[in-house]
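Single-letter residue listing:
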Amino acid sequence: MIGRLRGMLVAKGESGVVIEVGGVGYEVNVTPRDLTSLPGLGEEIVLHTHLAVREDNMALYGFDAPASRDMFRILLGASGVGPALAMAILATLRPADLRQAVATDDIAALVAAPGIGKRKAEKLILDLRPKLGSMVVSSTSSSEVAKVREALESLGYLPVEVRAALEEISLDGSVEEMVRSALKVMGRKKGLPGA
């Protein structure tokens, strides 16, 4: 199995790159998030990879960190998740965010990934929980975090904005305190006066 590639970045496409290693060009699928953070053409690159082998196809999937590759492999072990869906999930949620979503039953965070509806998100949480093991989470219950998310979305904020704000605030305290803290964070990001 090819677990890591180090070489020169020779091409970038919409969903992947070509890395030249020892005169051989390897096509590697990457998430849009990783694609934007890669070095320029002609520069050295290191990707942690997973080789997916099917009857009619072999494909390399590359990640900027071992944790992302390991989460990709865990996702592939979940029922009904293939490489394309696993990449879509990791394009939306970083590994730590995915662990948090599974630990707190945060269906809305998973539904934000393309190709995942509410039922699929619920099934994914059930499949992933034993694979991800126990995780220390905030003392705040998942229902309170869901209420904060709903309150912010009802104010017109996009799910991606809400998720980013929730990553920056303490998830301790009342729903009202968390909403206020999240609004302050989002106000700062938009450069609103008094935020």
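Computed from a predicted structure; not experimentally measured.

Trainee: Please explain the nonpolar core as it appears in this structure.
Mentor: Core analysis: the biggest nonpolar cluster contains 27 residues, and L75, I89, L98, L124 and L128 have the highest contact counts within it. The next biggest cluster of nonpolar side chains, apart from the first, holds 14 residues, and it includes V145, A165, V185 and M186.

Trainee: Quick question: what am I supposed to make of the packing of helix α2 (residues 66-76) against helix α4 (residues 95-103) here?
Mentor: If you want to describe how two helices pack, look at the angle between their axes and the distance between the axes. Running from amino to carboxyl end, α2 crosses α4 at an angle of 40°, the nearest separation of the two axes being 9 Å. Classified by the interaxial angle, the pair formed by α2 and α4 is oblique. Within the contact between the two elements, α2 uses A67, S68, M71 and L75 and α4 uses P95, L98 and R99. By residue class, the composition of the contact of α2 with α4 is five nonpolar, one polar and one charged.

Trainee: How should I be thinking about the pattern of salt bridges in this particular structure?
Mentor: Opposite charge on two side chains allows them to pair when their charged atoms are near. Enumeration over the complete set of coordinates arrives at six salt bridges. As a salt-bridge pair, D97 and R94 come within 3.6 Å of each other at their nearest N and O atoms. Classification of D97 as buried rests on a relative accessible area of 15%. Put simply, D106 and R149 hold a salt bridge, and the shortest N to O gap is 2.4 Å. With D106 in the loop between α4 and α5 (107-111) and R149 in helix α7 (residues 142-154), this residue pair connects regions lying 43 residues apart in the sequence. Take D106 and R149: they sit in the same class, and that class is buried.

Trainee: What is the right way to look at the pairing of strand β5 (residues 57-63) in this model?
Mentor: Put simply, side chains in a regular strand alternate between the two faces of the sheet. With five of its seven residues buried, β5 lies for the most part within the structure. The pairing of strand β3 (residues 24-29) with β5 spans two bridges and is classified as parallel. What sits directly across from V28, in β5, is L60. Turn length for the strand β4 (residues 44-54)-β5 hairpin, with the two strands adjacent in sequence and antiparallel, is two residues.

Criteria and cut-off values
- Residues numbered from 1 in each chain as written.
- Predicted model: local features only at pLDDT ≥ 70, side-chain atom pairs only at ≥ 80, totals over all residues.
- Heavy atoms only, no water.
- Core = buried A, V, L, I, M, F, W, Y, C linked by side-chain atoms within 4.5 Å.
- Buried < 20%, exposed > 50% of the residue type's maximum accessible area, 1.4 Å probe, protein only.
- Axes fitted to C-alpha atoms, helices over the stretch in contact; angles between N-to-C directions.
- Helix = DSSP H or I, 4+ residues; strand = E, 2+ residues; numbered from the N terminus.
- Parallel < 35°, antiparallel > 145°, perpendicular 65-115°, else oblique.
- Contact = heavy atoms within 4.5 Å.
- Nonpolar A, V, L, I, M, F, W, Y, C, P; charged D, E, K, R; others polar.
- Salt bridge = Lys/Arg side-chain N within 4 Å of Asp/Glu carboxyl O.
- Pairing = 2+ DSSP bridges.

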